[in-house]
Amino acid sequence: MDILIKALQLVLALVILVTIHEFGHYIFARMFGVKVNRFYLFFNPWFSLLRYDPMKGTVDVFARNGEKGLFTLRAGKPATPRADGKSTWRDTIYGLGWLPLGGYCDIAGMVDETKSADQLASEPQDWELRSKPAWQRLCVMVAGVTLNFVLAIIIYIGIAIHWGDDVIPFQAMTEGMDFSEELQEAGFRNGDILESLNGKPLDATDYSLAWDMIQPGARVGVLRDGRPETVEISESLIRTVATKGKDYTPMAMRIPVYVAKVVNGDPAAAAGIQPGDRILTVGADTVPSITEFLPSLSAHAGQTIPMRLVRKGGKEEVVDITVSDAGKIGIQMLSPLEIFDRQTIHYNFFQAIPRGWEIGTDRLSSYVSSLKLVFTKEGAQSIGGFGTLGDLFPSQWNWYSFWQITAFLSIILAFMNIIPIPGLDGGYTLFLIVEMITGRKPSDKFLEVVNTCGFALLLLLLVYANGNDLYRFLLK
């Protein structure tokens, strides 16, 4: 039942994301007077589950390609082409395929997975994409990824309006904060619990706190080893911090190491570590937070060491564990929201718009930054397919989690599609940009060859990713 619920959530998310993506291509093609031959959710090799032909006014159920369906239903009166030859929405066949690997929008006059260069040997027609200016073709190509990103922002806005934000008050961060070198020189110490600013209690909704704390003359009250202390900010701190780049982080929450999930077959599972355990020591190192935990694991890579835990019931226990050569033990850690007390921030419509934009751009930035891990051995082994995607969803239906994950997948889909690989939107976009710069259009034969190579590469990646899922499920 858990697997079924996860699968249903994944399928619903794919239906939303693929439909929006292909609708982006469709609507911009229609805006520029380009005919769209077919609009399909999911692929339909050999047959379609549903196929609607507005010109015939029929819906075919379980229809082999090019043939009538097992059942044919009447869905309106047959239509005739426009007298002036212009295309309309009725010229498009709309369908539901059975292979949930994506979808497609078969745009007239475009070399893609639905047609070859030989099929475009005739003179370009006014209703074909190849007859349109490069800037219009570019708009059609980037419309899919654009709508996916816009969808993610809209979802995050909706989440902010309906559920608000769960935040952790600074006083509830029982492990305190980690501070940058500059803030430590100003008087802060790692583990300080922030309490007040200029005599006023800190507000969890104050997103400008990091900036306000470094203002000249600011007085920051902290709790250090159970004793109240005051850190007075000098004139020079703000000048020093202002020279740092945009990725500079003045402080970050210290998060204790609680186990959320254990990967079967990895060292943690073999050592008997369980969800809910808190890790206190790694070898001889005390690890009150992730800040100390991760470096300690790396330092003990390839070694078998004792690890002290606190079980759910409060009992301490020591287990022997072998750390992998990459400094991993195979656990997923609890998020701060699952550890500390929290409070909810509520937003009205106008407050939710910038909040949704902030979350969306932050998720995109974080995802792009994490992609460098794919080119490591551990990263390549962690690549997954539909099983990994499905496992992102909770085993019980939860609309908050569903929309959070769907929005994130929409961002992933947008970014991955704009990567300049032939066969993806990014490949077409790259060739169009080159054409706009050089004034030379690639031949249809060239586009057919590179798209075929790109499609083969994507197919290999798909097989590899889902093969990793099978390996982890069956063997590990």
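Throughout this description, residue numbers start from 1 for each chain and increase along the sequence as written. Local features are withheld for residues below a pLDDT of 70 in this predicted model, meaning they are given only at 70 or higher, and side-chain atom pairs are given and counted only at 80 or more; totals for whole chains, interfaces and linings count all residues. With hydrogens and water set aside, each side-chain value is computed from the structure's full complement of heavy atoms.

Q: Describe the sheet that holds strand β11 (residues 219–224), and please don't skip the residues or the numbers.
A: In short, DSSP must find at least two bridges between two strands for them to pair. The secondary structure listing takes helices from DSSP runs of H or I that are at least 4 residues long and strands from runs of E that are at least 2 residues long, numbered from the N terminus. Spatially, the four strands line up as an open sheet ordered β10-β9-β11-β12, and their pairing is antiparallel. Pairing within the sheet leaves two strands with one partner each, and these edge strands are β10 (200–201) and β12 (227–232). Bridge count between strand β9 (residues 193–197) and β10: two bridges; the pairing is antiparallel. Pairing of S196 across the sheet is with P201, part of β10.

Q: Which residues make up the nonpolar core, and what values go with them?
A: What is meant by a nonpolar core is a set of buried Ala, Val, Leu, Ile, Met, Phe, Trp, Tyr and Cys residues, joined one to another through side-chain atoms within 4.5 Å. Relative accessibility decides the category of a residue: with a 1.4 Å probe and only protein chains considered, values under 20% of the type maximum give buried, values over 50% give exposed, and everything between is partly exposed. Counting residues in hydrophobic clusters, the biggest one holds 32 residues, and the most contacted among them are Y156, F393 and L409. Those elements giving two or more residues to this core turn out to be α1 (2–31), β1 (36–43), α2 (134–162), α8 (349–370) and α11 (399–418). Here, residues are in contact when the closest pair of their heavy atoms is within 4.5 Å. Ignoring any residue separated from it by four or fewer positions in sequence, one finds L409 in contact with L17, L389, L392 and F393. Formed by 24 residues, the second largest nonpolar core is a distinct cluster that contains L183, L194, L197 and M251.

Q: Explain the packing of aromatic side chains to me, using residue names and the numbers behind them.
A: Stacked, edge-to-face and tilted labels apply to pairs of Phe, Tyr and Trp rings (six-membered ring for Trp) whose centres lie within 6.5 Å, assigned for plane angles under 30 degrees, over 60, and everything in between, in that order. The tally for this structure, following the rule as stated, stands at 25 aromatic pairs. Ring centres of F149 and W357 lie 5.9 Å apart, and the angle between their planes is 85°; this geometry places the pair in the edge-to-face category. Placement of the pair is F149 in helix α2 and W357 in helix α8, with a sequence separation of 208 residues.

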